Amino acid sequence: MIIVGSGPCGLACAIEAKIHGLDFVVLEKGSIVDSVVGYPTYMILSSTTDMLEVGGLPFVVQGCRPTRQEAVRYYLRAAQHFDVPIKTYRQVTDIQRTDTGFMVHAKNVFTGEIRIYFSKRVIVATGCYNTPNLLGIPGENLPHVSHYYKEAFPYSGRKTVVVGGGNSAAETALDLYRHGSDVTLVHRCEQLDGNVKPWIGADILSRILKEDIPTFFNSHLESIQPRSVTIRRDGDRYEVEADFVFLMTGYRPNAKLLVDAGVALDEYGFPTHNPLTMETNIPGLYVAGAISEGWRVTQANIEKGRFHGKRIIQSFDEV
């Protein structure tokens with residue numbers, strides 16, 4: 001069996017396969033749990049540790065919610081504890097059906113060399129963090145614009161604009177503000193998103209009311225220039241200075257690998273599957289984690305997706 005992706009959900013699938021004595025390998029285009037590695041450096045995850053555990057391995061930290069560093073360390077330890085066979089920096093480029101299963105092409109990201117694997121089953125657990133939702137506006141590809149945020153120190157004393165109204169946007173704006181950045185928040189709705197955690201929402205609303213963080217609600221970013229952005233609200237246009245722009249507009253799974261393998265998509269453009277077994281319309285091809293959630297993608301996918309491996313592996317016994 002081939003498992004594509006070594007994020008928390010892919011790792012949970014691998015551990016379940018290991019427990020059941022299956023012959024498998026994990027192919028990962030980056031580092032182990034690359035998606036969590038990509039979180040902001042000093043981020044505190046919204047989920048409690050007990051909701052992030054995989055393989056029954058206890059996740060113990062001083063507080064109830066782990067930091068990004070603690071989460072990375074835990075998942076690395078889980079991979080080592082269960083001796084999971086993971087080949088990192090191997091990007092799966094193609095999944096083809098054969099008479100006996102699948103032929104999987106994986107590229108070495110350093111050398112470009114392609115290796116072919118043959119397997120009876122494939123689990124795709126590629127997450128969504130590597131495919132940001134684009135705004136499609138002029139200037140979005142400028143070098144000072146990013147869909148990702150790591151830490152505030154490089155932006156101290158600079159003018160920044162954050163776009164979005166969810167947890168990521170709110171946390172980014174607060175972190176920039178506290179580290180000396182002159183930050184402006186832009187959101188297309190009249191208030192913050194409903195899924196913003198209460199403690200985060202209370203914090204940023206306080207800053208907005210005090211005008212510590214100037215905010216444009218019911219507004220759209222119309223264009224980005226090298227030193228400014230143009231914001232449209234109620235037919236009016238505003239130009240705001242910006243040395244750096246963070247488009248925290250969310251992410252979505254990239255289903256191209258599955259589509260090329262013949263997987264059907266639902267009305268939202270994401271892979272259809274049996275929720276009891278996680279099997280797609282292609283027999284033997286499964287999805288796990290965020291790639292299976294489509295438009296419902298949130299950080300809570302780790303909480304739910306860590307159980308997808310059990311559904312998949314248990315379904316093998318029913319065949």
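Residues numbered from 1 in each chain as written. Predicted model: local features only at pLDDT ≥ 70, side-chain atom pairs only at ≥ 80, totals over all residues. Heavy atoms only, no water.

**Q** Tell me about the sheet that holds strand 13 (residues 228-233), residues and numbers included.
**A** In space, the three strands of this open sheet follow the order 12-13-14, with antiparallel pairing throughout. The sheet terminates laterally at strand 12 (220-224) and strand 14 (236-241), the two strands that pair on one side only. Within this sheet the neighbouring strands show an average axis-to-axis angle of 30 degrees, counted without direction. Sheet analysis places strand 13 next to strand 14, joined by six bridges and oriented antiparallel. If you follow Arg 233 over to strand 14, its bridge partner there is Asp 236. (Pairing = 2+ DSSP bridges. Helix = DSSP H or I, 4+ residues; strand = E, 2+ residues; numbered from the N terminus. Axes fitted to C-alpha atoms, helices over the stretch in contact; angles between N-to-C directions.)

**Q** A description of the pattern of salt bridges should follow, citing residues and the corresponding values.
**A** This model, assessed by the stated rule, comprises nine salt bridges. One salt bridge in this structure joins Arg 237 and Glu 222, with 2.5 Å as the shortest N-O distance. Of this pair, Arg 237 sits in strand 14 while Glu 222 sits in strand 12; the two residues are 15 residues apart in sequence, bridging distant segments of the chain. You can call Arg 237 exposed: its relative accessible area is 54%. Taken together, the shared-partner salt bridges connect Arg 158, Arg 227 and Asp 243 into one network. (Salt bridge = Lys/Arg side-chain N within 4 Å of Asp/Glu carboxyl O. Buried < 20%, exposed > 50% of the residue type's maximum accessible area, 1.4 Å probe, protein only.)

**Q** Go over the side chain of Glu 16, please, and point to the residues and values.
**A** With respect to the secondary-structure elements, Glu 16 resides in helix 1 (residues 8-19). Using a relative accessible area of 9% as the deciding quantity, one classes Glu 16 as buried. Polar contacts involving the side chain of Glu 16 include one to the side chain of Lys 310, which spans 3.5 Å. Contacts of Glu 16, omitting those with residues within four sequence positions, involve Gly 309, Lys 310 and Ile 313. (Polar contact = N/O pair within 3.5 Å; in protein donor to acceptor, adjacent residues only side chain to side chain. Contact = heavy atoms within 4.5 Å.)

**Q** Explain the sheet that holds strand 6 (residues 114-119) to me, using residue names and the numbers behind them.
**A** Read from one edge to the other, the open sheet built from three strands follows the order 4-5-6, with strand pairing classed as antiparallel. Edge positions in the sheet fall to strand 4 (90-97) and strand 6, since each has one partner strand and no second. Taken pair by pair, the neighbouring strands of this sheet meet at an average axis angle of 25 degrees, ignoring direction. By the bridge criterion, seven bridges tie strand 4 to strand 5 (residues 102-108) in an arrangement that is antiparallel. Residue Ile 95 lies in a different strand from strand 5, and its bridge partner there is Val 104.

Shape is all these values report; function is a separate question.
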